[in-house]
Amino acid sequence: MFKRKTYVIVAVIFVLAIVAGILDYPKYFNRSLGEFGFPKFPEVPFKLGLDLQGGTHLVYEADLSNIEKADYQSSMQGLRDVIERRVNLFGVQEPVVQTQQAGDDYRLIVELAGIKDPAQAIKEIGKTPFLQFKEQKENYEEIMKKNRQLAEAGKETEMEDPFQDTQLTGKYLEKAELDFDQTTYKPLIRLQFNDEGAKIFEELTKENIQKPLAIYIDGVPISVPVVQDVISGGKAQITGNFTIEEAKKLARDLNAGALPVPINLISQQSVGPTLGAISLQKSLWAAIWGLLAVVIFMIMFYRLPGFLASIALAIYVVLVLALFKLIPVTLTLAGIGGFILSVGMAIDANILIFSRMREELKEGKSFSMAVEEGFRRAWPSIRDGNFTTLIVALVLFGFGTSFVKGFAFTLTIGILMSMFSAIVITKSLLRAFVGTKLEKIKILWR
């Protein structure tokens with residue numbers, strides 16, 4: 001029964017490895033077997049970062065001199081949301097936009113992989129967020145009907161905006177904040193206008209009762225609430241079926257337009273696609289040579305266990321690469337470095353196990369007992385070593401910059417998978433030899 005369970009686990013591991021390998025490089029499978037009627041796997045490419053794909057890395061410094069200190073974080077988050085929306089308009093795949101604090105300075109980091117016009121991107125990003133309140137045009141229904149027809153025909157670019165500008169803009173909005181309905185406990189957004197804005201807003205609501213009043217940032221609608229009644233006093237609220245996160249984001253976006261945060265470009269780095277391709281090629285060759293060196297070492301010093309560890313390592317690499325696609329992980333040079341480091345840690349666990357096994361065999365214990373004792377006695381060292389490294393990786397991910405985060409993230413995935421590789425894959429492969437003739441050949445195991 002024990003042997004059958006072991007063989008089933010080994011079979012499942014190899015099937016999983018084959019599926020992961022096909023996911024990693026589907027074009028080879030699709031090319032060779034697709035013509036025989038096998039279903040084709042989707043050819044999803046690995047996500048490459050700025051340093052491998054080429055693009056532009058921009059660092060902006062935010063001017064928060066007109067912002068209350070308590071509102072620094074929310075203002076930066078709102079600014080990040082607006083900038084992220086802007087760069088998405090350029091057609092950039094998975095742009096990286098994040099905030100960073102360096103002492104008393106607040107910065108915005110923007111990474112645009114594969115960007116073709118960095119000058120235009122810089123121009124658009126540098127604009128202060130612009131908040132507008134718009135009312136519907138007189139021929140609103142006619143425009144909506146026409147837009148629906150264009151959408152069905154796939155002509156979204158020809159659609160007309162059914163809303164028109166009003167006098168009410170972000171400069172009249174003092175603040176927007178998250179609150180909750182006292183009866184339903186649903187999240188809502190409360191708005192506070194200044195005195196001049198209160199008068200404009202009251203007039204707008206008077207003219208648009210039971211009509212939508214759209215809120216735009218940088219020409220993009222972010223909310224279209226319906227006016228229920230005349231609102232005076234400069235205080236209003238936006239209700240709807242919001243989640244808490246959606247309401248928070250809307251409040252941040254409104255504050256970003258209402259509280260302008262000028263940003264100044266302080267650093268620009270461009271990476272050409274050719275240079276990125278060379279970096280990727282060198283990184284791959286370094287990984288291949290490093291992996292080959294580890295395999296040779298393991299087989300020379302540990303013989304058959306070393307060969308089994310090499311198989312486990314190959315499966316580990318295939319599984320981790322599949323995870324990188326499924327999550328997906330944006331691969332950078334630093335991220336690849338973290339992955340290569342985790343390969344060494346995966347082998348380190350096997351070395352601890354095999355050393356313990358040799359000690360057990362030298363004491364005259366049976367092969368099956370040596371395998372079980374080797375894993376049991378090596379586990380505390382494997383656990384503690386990986387756990388401490390995992391703590392460091394999580395700290396780097398929590399407090400590091402974008403490149404450090406990439407290194408920490410791939411290292412974290414690698415650490416978790418390396419423990420699975422050593423404790424499940426290697427152990428199952430060794431157990432498969434229990435009770436076979438090969439277990440009696442001492443030179444293979446010592």
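Data block above holds the structure.
Fair warning: this is a prediction, and the values are worked out from it, not measured in the lab.

1. Brief notes about the overall build of the protein chain
Scanning the protein chain from terminus to terminus reveals 12 helices and 13 strands. Computed over the C-alpha atoms, the radius of gyration of the protein chain is 30 Å, more than 25% above the 22 Å expected from 2.2 N^0.38 for a compact globule of 446 residues. Partitioning the contacts of the protein chain with sequence separation of at least 6, the portion at a separation of at least 24 is 72%. A total of about 24,300 Å² of accessible surface is found on the protein chain, and carbon and sulfur atoms cover 59% of it. Between the mean site of the 49 positive side-chain charges and the mean site of the 48 negative ones, the protein chain shows a separation of 14 Å.

2. A look at unusual backbone geometry
Put simply, isoleucine 327 and proline 328 share a cis peptide bond, and its omega is -10 degrees. Summarising the element assignment, proline 328 is placed in the loop between α9 (273-326) and β13 (330-331). In this structure, tyrosine 185 is a non-glycine residue whose phi angle is positive, near 65 degrees. Mapped onto the secondary structure, tyrosine 185 falls in the loop between β7 (173-180) and β8 (187-193).

3. A look at the sheet that holds strand β12 (residues 263-271)
Strand order in the open sheet made by the 4 strands is β3-β4-β2-β12, with antiparallel pairing throughout. Edge positions in the sheet fall to β3 (96-102) and β12, since each of these pairs with one other strand and no more. Ignoring strand direction, the axes of neighbouring strands in this sheet form an average angle of 20 degrees. For strand β2 (residues 55-62) and strand β4 (residues 105-113), the ladder comprises 7 bridges, and the chain directions are antiparallel. Among the inter-strand pairings, threonine 56 is bridged to a residue of β4, identified as leucine 112. Those strands touched by helix α5 (residues 118-125) are β2, β4 and β12, and its axis lies near 25 degrees from that of β2.

Reading the values: the criteria
- Residues numbered from 1 in each chain as written.
- Predicted model: local features only at pLDDT ≥ 70, side-chain atom pairs only at ≥ 80, totals over all residues.
- Heavy atoms only, no water.
- Helix = DSSP H or I, 4+ residues; strand = E, 2+ residues; numbered from the N terminus.
- Rg over C-alpha atoms; globule rule 2.2 N^0.38 Å.
- Contact = heavy atoms within 4.5 Å.
- Areas by Shrake-Rupley, 256 points an atom, 1.4 Å probe, with all protein chains shown as cover.
- Lys, Arg positive; Asp, Glu negative; His and termini not counted.
- Charge placed at Lys NZ, Arg CZ, Asp CG, Glu CD.
- Pairing = 2+ DSSP bridges.
- Axes fitted to C-alpha atoms, helices over the stretch in contact; angles between N-to-C directions.

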